[in-house]
Amino acid sequence: MTQALRDKWEDLALSTFIDVYLRQWRRTRAVINKAEREELRSLIADLYRREPEAVRLQVQRLFDDMVTDIAQITVDEVPAPTPDYERLTDTILKLSAENAGRFATEISNNSLRLSYSVIDNWLEMPGATVQDLTARMERIWRGPRPATAATTETTRLYNATRIETFREMGAWGFQPVTRNDDRVRESHVRYAAEGPYPLDRTDRIPPYGDVNCRCSIVAVFENPNGV
């Protein structure tokens, strides 16, 4: 159930993120098509000052629905006292908002950085046309970016939500669980083997957001050290 729940939300995230990247490219292309050569860089900068909020608004509902579903199913699967639902809801919706804002800022900053690189190279090319620039810019939004984002962000939010739910249910810690296939990184296998970990561990460990991580976690209620 743990992996199936995570995978369901990765599929939903992928369809949303494909649309997110497509819409961002369309907004960028509209600026390219109307800008004069000498003002292109500044107009792109103006656009991307607004991009984080535009992206956040597009993904916030997905993130809210994800944390709500994950928290409820986690409560249902864990044989522990019922948590304070009002407090848990406040916690996970705050978590959702923080992650939506971070994600929107990260992808917008990355798109802007890549756009500047393409634009600067284009400006140095004698005789380069707007069509040349458009073709080069479009490559920024093609390829694996949405799929990578869907895998990474789902794992981040999935496990962060479960940890906060475990905390509300009185768990001591959590145990990372890998997919146990040939795509799992050795470092993640090692971290899983060295678990479980307390909920209040302060250093970041997988599966807490490594790119393309697919790990999940299960609750641990008894301190394995007996303390």
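Each remark here, short or long, concerns the structure printed above.
A brief report on the enclosed structure follows. (Residues numbered from 1 in each chain as written. Predicted model: local features only at pLDDT ≥ 70, side-chain atom pairs only at ≥ 80, totals over all residues. Heavy atoms only, no water.)

What follows is about the overall build of the protein chain. Along the backbone of the protein chain there are six helices and three strands. Reading the helices (α) and strands (β) of the protein chain from amino to carboxyl end gives α-α-α-α-α-β-α-β-β. In terms of overall dimensions, the protein chain has a C-alpha envelope of 70 × 40 × 30 Å along the principal axes. Considering the protein chain as a whole, with its 227 residues, one finds that 47% of them fall into the buried category. Here the contacts in the protein chain between residues at least 6 apart in sequence split such that 83% fall between residues at least 24 apart. In the protein chain, 31 side chains carry a positive charge and 35 a negative one; their mean positions are 5 Å apart. (Helix = DSSP H or I, 4+ residues; strand = E, 2+ residues; numbered from the N terminus. Buried < 20%, exposed > 50% of the residue type's maximum accessible area, 1.4 Å probe, protein only. Contact = heavy atoms within 4.5 Å. Lys, Arg positive; Asp, Glu negative; His and termini not counted. Charge placed at Lys NZ, Arg CZ, Asp CG, Glu CD.)

A few words now on the pairing of strand β1 (residues 173–177). Burial within β1 is extensive, with four of its five residues counted as buried. Alignment of β1 against strand β2 (residues 197–198), held across two bridges, turns out to be antiparallel. Counterpart to Gly173 in the pairing with β2 is Pro198. Pairing of β1 with strand β3 (residues 216–220), which is carried by five bridges, proceeds in the antiparallel orientation. Bridge pairing links Gln175 to Val218 in β3. (Pairing = 2+ DSSP bridges.)

What follows covers the environment of Ala35. Its place among the elements puts Ala35 in the loop between α1 (2–34) and α2 (40–77). Sequence separation of Ala35 and Val130 is 95 residues, and the distance between their C-alpha atoms is 9.6 Å. In contact with Ala35, other than residues within four places in its own chain, are Leu40 and Leu43.

Let us now look at the packing of aromatic side chains. Tallying each qualifying case throughout the model produces five aromatic pairs. Seen from their ring centres, Phe17 and Phe63 are 6.4 Å apart, and the 55° between their planes marks the pair as tilted. Of the two residues, Phe17 sits in helix α1 while Phe63 sits in helix α2, which places them 46 residues apart along the sequence. Taken together, the aromatic side chains of Phe17, Phe63 and Phe103 make up a single cluster linked through ring pairs. When the ring centre of Tyr116 is taken as reference, the NZ or CZ atom of Arg41 above it lies at 3.8 Å. One residue, Arg190, lies across the ring of Tyr191, its end atom 5.8 Å from the ring centre. (Phe/Tyr/Trp six-rings, centres within 6.5 Å; stacked < 30°, edge-to-face > 60°. Lys NZ or Arg CZ within 6 Å of the ring centre and 35° of its normal.)

Now for the nonpolar core. In this structure, Phe17 and Met137 are the most contacted members of the largest nonpolar core, which totals 56 residues. Sorting elements by how many residues they give to this core places α2 first, with 15 residues. Look past the residues within four positions of Phe17 in its chain and what remains in contact with it is Val59, Leu62, Phe63, Phe103, Pro146, Ala149, Ala150 and Glu153. (Core = buried A, V, L, I, M, F, W, Y, C linked by side-chain atoms within 4.5 Å.)

Taking 1.5 Å per residue as the helical rise, α2 with its 38 residues ought to reach 56 Å, and the 54 Å between its terminal C-alpha atoms agrees with that figure. Remark: the principal bend of α2, roughly 40°, maps to Val59. (Expected span 1.5 Å × (residues − 1). Bend = angle between axes of the 7 residues up to and from the residue.)

Turning our eyes to something else, we now look at the packing of α1 against α2. It is the contact of α1 with α2, at a shortest axis distance of 10 Å, that shows an interaxial angle of 165°. Here α2 runs roughly antiparallel to α1, going by the angle between their axes. Taken as a pair, α1 and α2 cross one another with a handedness that is right-handed. Looking at side-chain class alone, the contact of α1 with α2 contains 21 nonpolar, five polar and eight charged residues. (Axes fitted to C-alpha atoms, helices over the stretch in contact; angles between N-to-C directions. Parallel < 35°, antiparallel > 145°, perpendicular 65-115°, else oblique. Left-handed = near helix turned anticlockwise from the far one by under 90°. Nonpolar A, V, L, I, M, F, W, Y, C, P; charged D, E, K, R; others polar.)

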